[in-house]
Each structure stands twice: as C-alpha cells, then as structure tokens.
Amino acid sequence: MKDKICVITGANSGIGKETAKALAAMGAHIVMVCRNPQKGEAARDEIIKLTGNKNIDLLMADLSSLDAIRKLAEELKTRYDHIDVLIHNAGTTFMSRQLSKEGHEMTFAVNYLAVYYLTILTLHLLTKAPQGRIVIVSSALEQMGKIDWDDIDFNNRSYNIITAYSQSKLMLIIFTKELAKRLKYTHITVNALHPGGVATNLGITNNNLFYKLIWKFIGWFMISAKKGAETSVYLASSPDVSKTSGQYWSHKKIRKYNKLADDPEAGQKLWDLSASYADIEFMNQFEKTENA
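Before going into details, it helps to say that this report is about the structure given with it. (Residues numbered from 1 in each chain as written. Predicted model: local features only at pLDDT ≥ 70, side-chain atom pairs only at ≥ 80, totals over all residues. Heavy atoms only, no water.)

## A short note on the overall build of the protein chain
Point 1. Looking only at helices and strands, the protein chain features 10 helices and eight strands.
Point 2. Contacts spanning at least 24 positions in sequence make up 76% of the contacts within the protein chain whose residues lie at least 6 apart.
Point 3. About 13500 Å² of surface is accessible on the protein chain, with carbon and sulfur atoms providing 52% of the total. (Helix = DSSP H or I, 4+ residues; strand = E, 2+ residues; numbered from the N terminus. Contact = heavy atoms within 4.5 Å. Areas by Shrake-Rupley, 256 points an atom, 1.4 Å probe, with all protein chains shown as cover.)

## A look at the packing of aromatic side chains
Point 1. Inspection of the entire model under this criterion finds seven aromatic pairs.
Point 2. With centroids separated by 5.4 Å and ring planes inclined at 70°, the aromatic side chains of Phe-154 and Tyr-159 adopt a geometry described as edge-to-face.
Point 3. Its relative accessible area of 18% is what places Tyr-159 among the buried residues.
Point 4. Here the aromatic rings of Phe-175 and Trp-271 are separated by 6.2 Å at their centres, their planes lie at 20°, and the arrangement is stacked. Highlighted residues: Phe-175 in helix H5 (residues 161-182) and Trp-271 in helix H9 (residues 264-275), separated in sequence by 96 residues.
Point 5. You can call Phe-175 buried: its relative accessible area is 1%.
Point 6. Through a chain of ring-to-ring contacts, the aromatic side chains of Phe-108, Tyr-112, Tyr-116, Phe-175 and Trp-271 assemble into a single cluster. (Phe/Tyr/Trp six-rings, centres within 6.5 Å; stacked < 30°, edge-to-face > 60°. Buried < 20%, exposed > 50% of the residue type's maximum accessible area, 1.4 Å probe, protein only.)

## A word on the sheet that holds strand E6 (residues 189-194)
Point 1. Spatially, eight strands are ordered E3-E2-E1-E4-E5-E6-E7-E8 in an open sheet, and the strand pairing comes out mixed. The sheet is open, and its two borders are formed by strand E3 (56-60) and strand E8 (253-254), each paired with just one other strand.
Point 2. Summarising the sheet, strand E4 (residues 85-88) and strand E5 (residues 133-137) pair through four bridges and their orientation is parallel. Residue His-88 lies in a different strand from E5, and its bridge partner there is Ile-136.
Point 3. Running over the sheet, helix H3 (residues 66-79) touches strand E1 (5-9), strand E2 (29-34) and E3 and is turned about 150° from E3. (Pairing = 2+ DSSP bridges. Axes fitted to C-alpha atoms, helices over the stretch in contact; angles between N-to-C directions.)

## Examining the pairing of E5
Point 1. With respect to burial, E5 is a largely interior element, five of its five residues being buried.
Point 2. By the alternation rule, side chains of E5 split into Arg-133, Val-135 and Val-137 and Ile-134 and Ile-136, which are all buried.
Point 3. As a crossover connection, the stretch from E4 through helix H4 (residues 106-127) into E5 is right-handed.
Point 4. Pairing between E5 and E6: five bridges, direction parallel. From the neighbouring strand, Val-135 faces E6, where its bridge partner is Asn-191.
Point 5. After leaving E5, the chain enters H5 and then returns to the sheet as E6, a path that is right-handed. (Right-handed = clockwise from strand over helix to strand, strands pointing away.)

## Considering the side chain of Ser-65
Point 1. Within the secondary structure layout, Ser-65 lies in the loop between E3 and H3.
Point 2. Those residues in contact with Ser-65 that sit more than four places away from it in its chain are Lys-101 and Glu-102.

## A few points about the pattern of salt bridges
Point 1. The tally for this structure, following the rule as stated, stands at 16 salt bridges.
Point 2. As a salt-bridge pair, Arg-70 and Asp-67 come within 3.7 Å of each other at their nearest N and O atoms. Of this pair, Arg-70 and Asp-67 are both found in helix H3, three residues apart, which corresponds to roughly one turn of the helix.
Point 3. Arg-70 sits in the partly exposed class, given a relative accessible area of 35%.
Point 4. Judged by relative accessible area, which is 23%, Asp-67 ranks as partly exposed.
Point 5. Glu-178 is the salt-bridge partner of Arg-182, the closest N and O atoms lying 3.0 Å from each other. With Arg-182 and Glu-178 both in helix H5 and four residues apart, this pair spans about one turn of that helix. With respect to burial, Arg-182 and Glu-178 carry one shared label: buried.
Point 6. Counted as one network, the salt bridges with shared partners bring together Lys-17, Glu-18, Lys-21 and Glu-46. (Salt bridge = Lys/Arg side-chain N within 4 Å of Asp/Glu carboxyl O.)

Here it is, written out as structure tokens:
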C-alpha cells in the first residue's frame, strides 16, 4: 500500500478512523473526508502520531448535500491525478424523518445517494490507478431491507428508523452488484461488506436521550471499531481480492445477501433512480468509459 491514495469517508471516528489508521501504517497516502473540522483535525493528528505517516490529508464535506459532494469531487480531481482506493464508510441514522438540502430523506441521502454520487464523480480518477478498488460499508440489516420504489423519501408512508436504515443498506448491496456488472471489463473492483456488530458512535448525534442510552447499552455486547475495520482494510489492500468484484463480505469472507440484489430489474431501477439525480453530461462520459 506504499503511497497508494486511499480516500475514506467518515474517517474521523469509529471504523473509518481505524481503517485510516491501519492503511496509514501500511504506508498509504490517506485522504480523510470528514464533516467536522475539529474532529477531523484531531483524528488526523492522532493517526500521524501513531503511525509516523505524514501523508494524511483532510478534506471537509457534508455528505448529505449533493452540492457539497460535487465540490468534494472537484477538489479530489484538482489535488490528485488518481485514486487507488475509495472507501465509503460514512453512515448515519435518524430517530425522526429529516430532509437533506435537496429534499431527500436524510438516511437515504447520506447512506446511499452520497455513495452513488461520489463514486460516479470520481470514477475517472479510479480508472487512472493501476488497479482501482471501491469498498462500501453496508450492514447485516440489509437482510431486512425492502424498497418502496414509489416512496424512497417516506413522503407518503410512516417513517421508521429501522425501515429507513435497512432500505439504505440494501440499496448499497444492489448498487455494488450493479456497478460491478457495469465495470466488468475495467480494472476497477467494487465490493461491499458488513463490519460486524461494532461499538461505534453511529447515530449518537441523534438528540434523543433514550436512544443514546439504548445505543450505549448495546455497545457493551459489540466488537471494537478496530476489529470491525478489518474487512474494510482487507478489501482495500489484500492481493487475494485484487480481481474479486461484486461480492458482499463479512469477517473477510464472502457471505450471502438479500436476494433482491440479484434481481436485474431492481439493479436497473436503482441505477435509473440514482442517475436521475446526476449530471447527464457526466453520465454520458461515464457510459463511454464503461463501454470502452
């Protein structure tokens, strides 16, 4: 991993920080994408101190905003001539329905749409790497996921934290399978993973005391963030999976996933839905790259 450029979202805490730390220790050039400047800088300083690797960059972006993601992609394009590894680690939950700047339900906006959009906008940088890798952190709750194609944003149905979260995580598996199919003739791989039941601060930002207490209690029975990061690090760095794509992993082994992800109609439907929020001109360029 010496000097390989690894972009990691949500890298200032939990699994993201442990992933950044492990890859930095291998000599990688880490690009931390964070939302909070203070937490991001503190995590960056900690990783440099622990690993001795000074090639740790910090970029700021609110991943709930498509505009912010576009600006992030432009900054990546300006600063780097390629990306070796793109790790989508950032994720969140919300007790009540909230909307993004563009009017999307926030769980969908952060957990799925940001992954799709940042991937598409940086794909040309991944094509310039000797062997680009895309790693997507999902969740075992994808097994419970169901997608209401007519009401993704919960405009006409009751919002539920588990329903919204599991829907977003199932979308990540479907996207992984569909993107892998479209990148079949390139040197870019894409894989998703379940990190295990990890004791992180996911959702702690929700301003609900009862929820925070329940999450803290559950955390006593979970694995550490360091342990949870192992599969992300494995998929980002191991030569054993350099040609493996379109799979769902846990504990560094391929696992079963929601059968909806194997439905070509669902893959096309999610792709079309996602593309409807993307820049058409870039999408045309992407299709040319894909078919080349």
